[in-house]
Amino acid sequence: MIEGTIFYWVAFILTALIAVFAAVMVITRRNPLHSALFLILNFLCIAVLFLLLNSQFIAIVQVMIYAGAIMMLVIFVIMLLSVEEEERRRKIPVSLAQVIGVVLVLMLLAQLVGGVGVQALPGEQGEFTPERMAQVGDIKVVAGLLFTKFLFPFEIASILLLVGIIGAVILSKKER
Amino acid sequence: MPSTVPSIYYLIVSALIFAIGAVGVLVRRNAIVIFMCIEMMLSAVNLTLITVSHYLNSLDGVLMVFFVMTVAAAEAAVGLAIFVLLFRGRKTIKVDEINLLKW
């Protein structure tokens, strides 16, 4: 049992550090392509954190949709627009608006951390304990809920994706 | 079951990544980098939802993450199409220089 606990802690600390490091690199790199690659690293680390939280389905979906599909699209667009050149100018001066923005975000961070830190999380326990999930299987339980309790949002999501496809095609269609 | 890491550490990591993403949205000028920071913030919120749903032994958070990912995918498709269109019209995607609704 104690080996399992140590494993959880080591894996958590390593992935959390790499995730935060990759997030910092995303916003500091000049070249958007480097940002994109570090963002993929961040997504993969978050997928590992999902695995540590015992939700295998979401971890796989994170790797496939975020790290796979969305980031592939982003890198494709970065290469299509070839915007690396204009980012490679000399140092841009920091404006007052940016400083104020960073200060506001630091206050937001203090609020978020303080909000979760001062008291225990409220809420009542649900029925899906890890033992039951391990018995039935994560994907089976999620699929069961998706097609019963969440059937209507599921259909809305499919319509949203359809609208997204149509919108993307119409937007990128050349006129005439 | 070995005892896992307490939920609060996951929430703090998620808050950190969310804040870094917010800084990126406010500070960067390249529209694609801003878009990537928004994706990072969405993913940090997903981590919060999964953490709380793990803590409460519930699956509602997992399903909500599923729908957030759907919205993120649709947003990626439409947003990147808009960037391509902007670049075609204005030859730039720096948000400082995109200051007209119509040209």
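Residues numbered from 1 in each chain as written. Chains lettered and ligands numbered in written order. Predicted model: local features only at pLDDT ≥ 70, side-chain atom pairs only at ≥ 80, totals over all residues.

Student: Break down the overall build of chain A for me, citing the residues and quoting the values.
Tutor: Broken down by element type, chain A carries eight helices and zero strands. Helices (α) and strands (β) of chain A occur, in sequence order from the N terminus, as α-α-α-α-α-α-α-α. Computed over the C-alpha atoms, the radius of gyration of chain A is 21 Å, more than 25% above the 16 Å expected from 2.2 N^0.38 for a compact globule of 176 residues. Expressed as lengths along the three principal axes of its C-alpha atoms, the size of chain A is roughly 55 × 45 × 30 Å. Buried residues in chain A amount to 23% of all 176 residues. Within chain A, counting contacts between residues at least 6 apart in sequence, those at least 24 apart form 55% of the total. (Helix = DSSP H or I, 4+ residues; strand = E, 2+ residues; numbered from the N terminus. Rg over C-alpha atoms; globule rule 2.2 N^0.38 Å. Buried ≥ 20, exposed ≤ 12 C-beta atoms within 10 Å, placed from the backbone. Contact = placed C-beta atoms within 7 Å.)

Student: A description of the interface of chain B and chain A should follow, citing residues and the corresponding values.
Tutor: Facing 63 residues of chain B, the contacting portion of chain A comprises 72 residues. Mapped onto the side of chain B that touches chain A, the elements with two or more residues apiece are helix H1 (7–27), helix H2 (31–55) and helix H3 (60–90) of chain B. Among the elements that take part in the side of chain B that touches chain A, H3 of chain B stands out by supplying 20 residues, more than any other. Among the residues making up the side of chain B that touches chain A, the classes are represented as 49 nonpolar, 12 polar and two charged. (Nonpolar A, V, L, I, M, F, W, Y, C, P; charged D, E, K, R; others polar.)

Student: So, the domain arrangement of chain A: which residues are in play, and what are the values?
Tutor: Partitioning chain A into structural domains gives domain 1 (1–86) and domain 2 (134–176). For domain 1 of chain A versus domain 2 of chain A, the distance between C-alpha centres works out to 23 Å. (Domains from an automatic or database assignment.)

Student: Outline the confidence of the model for chain A, listing residues and values.
Tutor: With 93% of its residues at a pLDDT of at least 70, chain A reaches an overall mean of 86. At the level of individual helices and strands, chain A shows its lowest average pLDDT in helix H4 (residues 84–87) of chain A, which scores 53, and its highest in helix H2 (residues 32–52) of chain A, which scores 93. (pLDDT = per-residue confidence, 0-100.)

Student: Explain the packing of helix H1 (residues 2–28) of chain A against H2 of chain B to me, and be specific about the residues and the numbers.
Tutor: H2 of chain B packs onto H1 of chain A with a crossing angle of 160° between their chain directions and a minimal axis gap of 10 Å. Relative to H2 of chain B, the element H1 of chain A is oriented roughly antiparallel. When you trace H1 of chain A past H2 of chain B, the crossing you get is left-handed. Here H1 of chain A contributes Ala 23, Val 26 and Ile 27 of chain A to the contact with H2 of chain B, which in turn contributes Met 36, Cys 37 and Met 40 of chain B. Considered class by class, the residues forming the contact of H1 of chain A with H2 of chain B number six nonpolar, no polar and no charged. (Axes fitted to C-alpha atoms, helices over the stretch in contact; angles between N-to-C directions. Parallel < 35°, antiparallel > 145°, perpendicular 65-115°, else oblique. Left-handed = near helix turned anticlockwise from the far one by under 90°.)

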